[in-house]
Amino acid sequence: MRLSLATGGVLLLALLTWLALRGINTNASAYAETQRALDEFALAEASISRDVLQASAGLLGNYDFLGEAEEAMENAVSRIKSRVEAEKLDPKPVDRLAAALGQYQDLIERFKSSNSLLQNSLSYVSQSSTDPAFGALGDQFASSATALAAAVLHLALDSSVETAGSLQQQIIRFEAQAPTGGPDGEAAHALLAHARLLSDLLPEVDQTLRAIVATPGRQPLEESRELLASAQAASEITAQRFRVVLSVVSLVLLVLAFRLGLRLRTRTQKIRRLVDANIIGIVIGEFRGRISDANDAFLQIVGYERNDVTTGMLRWTELTPPEWREGDEQRVAELKVTGVARPYEKEFLKRDGSRVPVLIGGAILDKAQDQGVAFVLDLTERKRAEKALRESEAKFRDYAETASDWFWEIGPDYKFTLLAENAFGSDPAERIGTACWDHALDLETEPEKWRLVWETLDARKPFRDFVYCSVGGNGLPMYVKASGKPVFDGNGEFRGYRGTGSDITERNRAEEEHQRVRQLEADLAHMNRLVMMGELAFSLAHEITQPIASARNNARAALNFLDQQPPDLGEVKEALGCVVGDADRAANIVDRIREHIKKAPPRKERFDLNAAINEVIVLAHSAITENGVSVQTRLAEGLFPVQGDRVQMQQVVLNLILNAVEAMGSVEAGARELVISTEQTKAGGALVAARDSGPGIDPEHLERVFRAFYTTKPSGTGMGLSICRSIIDAHGGRLWAEANEPRGALFQFTLPGVEASSSGGSPNARAA
Amino acid sequence: MPRSSLALDSWPPYLGALLTVVLFGGALMSAAQTISSSPGADPITPIPAPAKLDPLRVSLGEQLFHDARLSHDNARSCGSCHDTHTNGASANAQDRGAQGLLLPFNTPTVFNAALNFRLNWEGNIRSLEREAEEGLRNPAAMASSAEEAVVKISADAAMVQRFRDAYGRAPDAAALVNAIATYERSLLTPGSRFDQWLGGETSAISPEELSGYLLFKSLGCISCHQGVNVGGNLFQRHGIFHALGTPEPELVRVPSLRNVTATAPYFHDGSAATPTEAVTKMGLAQLDRVLTDQQVSSIVAFLETLTGFYRGRSVMPATAPPTADTVPR
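Residues numbered from 1 in each chain as written. Chains lettered and ligands numbered in written order. Predicted model: local features only at pLDDT ≥ 70, side-chain atom pairs only at ≥ 80, totals over all residues. Heavy atoms only, no water.

1. Things to note about the sheet that holds strand β2 (residues 291-294) of chain A
All names here are of chain A. Worth spelling out the cut-off: Strand pairing requires that DSSP identify at least two bridges connecting the strands. Secondary structure elements follow DSSP: runs of H or I no shorter than four residues count as helices, runs of E no shorter than two count as strands, and numbering proceeds from the N terminus. In this analysis, axes come from line fits to C-alpha atoms, helices being fitted only over the stretch in contact, and the angle between any two N-to-C directions falls in the range 0 to 180 degrees.
Here we have five strands laid out as an open sheet, ordered β2-β1-β5-β4-β3, and antiparallel in their pairing. Where the open sheet ends on each side, the last strands, each with one partner, are β2 and β3 (340-349). Shown here is a sheet whose adjacent strand axes are inclined to one another by a mean of 30°, direction ignored. Here β3 runs beside strand β4 (residues 355-366); their pairing, made up of eight bridges, is antiparallel. By the bridge assignment for β4, Val 340 is matched with Ala 363.

2. Some thoughts on the confidence of the model for chain B
Residues and elements named next belong to chain B. Just so we agree on the cut-off: Per residue, pLDDT captures the predictor's confidence, and it can take any value from 0 to 100. What makes two residues a contact is simply this: any of their non-hydrogen atoms within 4.5 Å.
Overall, the prediction assigns chain B a mean pLDDT of 84, with 84% of residues at 70 or greater. Confidence drops under pLDDT 50 across residues 1-40; counting only partners more than four residues distant or on other chains, this segment forms 44 contacts. Note that pLDDT drops below 50 for residues 322-329; the model gives that stretch 10 contacts with residues more than four away or on any other chain. The ipTM assigned to the predicted complex is 0.81, against a pTM of 0.51.

3. Considerations on the nonpolar core
Residue and element names in this part refer to chain A. Quick note on the threshold: By nonpolar core is meant a set of buried Ala, Val, Leu, Ile, Met, Phe, Trp, Tyr and Cys residues that side-chain atoms within 4.5 Å join together. The cut-offs for exposure are 20% and 50% of the maximum accessible area for each residue type, with area from a 1.4 Å probe on protein chains only; residues under the lower value are buried, those over the upper are exposed, and the others partly exposed.
One finds Phe 41, Ile 48, Ile 80, Val 152 and Phe 174 to be the most contacted residues of the largest nonpolar core, which totals 67 residues. The set of elements that each furnish at least two residues to this core consists of α2 (27-56), α3 (64-87), α4 (92-129), α6 (139-157), α7 (161-177), α8 (182-213) and α9 (218-277). Not counting the four nearest positions on each side in its chain, Val 152 is found in contact with Leu 122, Val 125, Leu 167, Ala 195, Leu 198 and Leu 202.

4. Considerations on the sheet that holds strand β14 (residues 673-680) of chain A
Residue and element names in this part refer to chain A. Taken together, the five strands give an open sheet; going across it, the order is β12-β14-β15-β17-β16, and neighbouring strands pair in mixed fashion. Looking at which strands have only one partner, the edges of the open sheet turn out to be β12 (630-635) and β16 (734-739). Direction aside, neighbouring strands of the sheet carry axes that sit 15° apart on average. Note that β16 and strand β17 (residues 745-751) share six bridges and pair antiparallel. Note that in β17 the partner of Trp 736 across the bridge is Gln 748.

5. A few points about the pairing of strand β5 (residues 371-378) of chain A
The pairing of strand β1 (residues 281-286) of chain A with β5 of chain A spans six bridges and is antiparallel. From the neighbouring strand, Glu 286 of chain A faces β5 of chain A, where its bridge partner is Gln 371 of chain A.

6. Some words on the packing of helix α21 (residues 646-663) of chain A against helix α22 (residues 720-730) of chain A
All names here are of chain A. Here is the rule we go by: Should the near helix be turned anticlockwise from the far one by less than a right angle, the crossing is left-handed, and should it be turned clockwise, the crossing is right-handed. Amino acid classes used here: Ala, Val, Leu, Ile, Met, Phe, Trp, Tyr, Cys and Pro are nonpolar; Asp, Glu, Lys and Arg are charged; the rest, including Gly, are polar.
Between α21 and α22, the least distance of the axes is 10 Å, while the angle of their chain directions is 145°. By crossing handedness, the relation of α21 to α22 is classed as left-handed. Listed contacts from α22 to Gln 648, Met 649, Gln 651, Val 652, Asn 655, Leu 656 and Asn 659 of α21 are Gly 720, Leu 721, Ile 723, Cys 724, Ile 727 and Ile 728. Grouping the constituent residues of the contact of α21 with α22 by class yields eight nonpolar, five polar and no charged.

See below:
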């Protein structure tokens, strides 16, 4: 662009110069000069004609003038000739002129030679003809001498054949009379010799004169003049045409230049506004370093004042730290060649000595003056942001690398576009471009789960803790828990999802293990209950027989009352009512036993702890009384309900009662006391305590009693307390043993309140 | 004058043309300054002061003029025959050139040669440059060439520098001959007593010398020997009435009589040893006049006044070393 502009400018300039030169008619001065040469030739020719005529009349002092005039003519001819050659005109007229000049010069030379002899002889003849010596020789001789001289002069004036003949006659006549010897003879001989010479010379000189005066150069001179004049006229016409073209072109250019100027002015104003807007730093200066102008934005970046610019002391080379100068030089070199320096990052030294990172680019303003304009962008903020981003990225990477979870991203087609290194324990590259369900193993077994997932995805909703079974890097099934949220770009366009995934195979396995242990525990608890029921079988049997016997007695009494005449129906009715009550009691006992030995999954329910404990005491009543134990209950009033499995809780209490009854079998009767108490804990839970007056537990064995298979009873399995502890643990409570004061053992357990015990539950439960 | 007695009506027709030319010529003269002619002026005019010449070129030309390297055998310079310390020529009737060859004519003086309209006895050379070129090339003279001389000169650092000073370039043929010609243009001999007389100093010449001049005119010598160089501006046959030396060339360029009494011997063949001899012979051969001794000595006395000065010194006869190379007079 720049190049074509420059080329265009040069071409335009060349065109204008060419037109101007063609319009000048450079021939004009050369033509004038040639005209002068032509005139000089004519003048010289005229002066020669004049001098020649004067010389022939004996009036010319010397021939130097002729030589000078000839030289002038030669000079003129050579000038005309060189002009004709330069103009490439027809050379013939000038060649003819030169030839004429040569001929002319020959004539002049001939004239000079002859004329000098002629003048000499003429003067001799005119002198000697009046020589008194001739007069002394006699009148006749004197008169013939005079006649000879007159004939010579006549011939000098009229070179006709007649005059020449008359001179010849006079010569013959004079020769006949002339003395032949002595000084007179000599003089006569000389006169005769000169007269003879003159008779030859006079016609010759006359002829030469005529030839000279005829000026043989005139014709070719006029031809040359015409030739040059017509060439001049032609070139003047051409020049005129070019002048017209030049004025038209100039006018057009003027209009264009005016329009261009207007546009340029507008543009300059725009640029000025940009400079003054101070959106970016703009600096104008020389390549060598001097800054001629800079806007406030630039000054702010480098921390200088406007004064520093106006004084011309600010140099951008000095604003540049040394290590950037070489780079700057390269940019300046690039700028000089291409006209622009591509934006690049560098640093400037601020006035306070600190450095400021900038983005700088530039363009040539004026090549001739090595001037350029540069824009400068302060990169401090960007650099800071970049650094923060880098740190954040590093942090993120560190997290990602240390976490067992992995990051993933899927595109709008739900195919993986990014996977962290640790994803699926396999090469992430293998899964890029596949959907997660391409590797799922539970698509068929759990279609409902997947249907929900797809619905969620299609609805662009976030999801959490979605667990599915995939294939791990080792080819084995891998349980994956994934969470993700949709990603939208700036235009709100859906770009896919991103989120985390983790391998929960191990956790699942642990869960399963736990489940199995729980089952085992439940089984053990059940077995424990069966054992306890076995232990209670006798007393329970008695318990049941008692209402049955009572029912029999009452039934008998009823029969008896029926047998009375009249039958006492009132008594019968009362007796039968007692039978129903007895039967209900027996049924209740059986129900409770069945309930207790029933194998059922643990339940979580709210129940009244005190009521549950009372039921247990009723259940163990026979065993307690048989062993001569007195039971006291101190149950707290208004106890908050607790949550858990009621049967298991009663199992624990039953265990503690039976253990205590048994332990007190070794102490004397009357001192066998069991106290069951409940109280509200500060945390809102419940504390249950069973105190006996037995032999107590060795303090060293306080914990050991909870171990499996620890037993002091010959018939015990040693599992009771161990199972109790695991039941309480499962309910989030604690079971422990202490020494009782003044004697015996104290077993206590806590149960968390409803609120506290539900904290470990599912979020859904909490939400509910 | 008898002519004055002639009637106007019998004048040949060209006299009318003459009148016209004279009348119009005057008008033209006033318009054009290029040609200066003063009809009826003295037949002899004084030697003008030399034109302004570049002193560097003059001095270079002088050095070259006396530089024997210009001859093929490095034996002669221009100055060998043109002794500028004496009369600008030699005392020999004919000088010898390369390999002892006799030059065809008597060496004309180089003094005032610039004022001649043609050069050499034959008048076949029109410019001093051409004369220098021809002189170098002439096998009988220098037997070299301007080009050959340039090659030799170019080996001389000092000379090369002088060329650069004078011409702004290394030696070449054009500069070489121009330098010699420029020097020759400086070889004018103004200040002769006759020129002083022409300038108005009536006492510059004696009455006897003046009468010699008048005789020179009245006898007709002035017919050919006129102009600034007292000759040198036309061709003339020699031996009009009686033979004068060798017949060839038939037509000679009339020699200048400037410094003539110092430039013996005379004529194209150097056949006249003294001015007296030359004047006597000229009178008979060209004018058919037997001059008396008194007439001859009067004319010679006039000729003496034509001797001018070069570098403040009067032109003087060449000392004639009677060497084997020279032809006896």
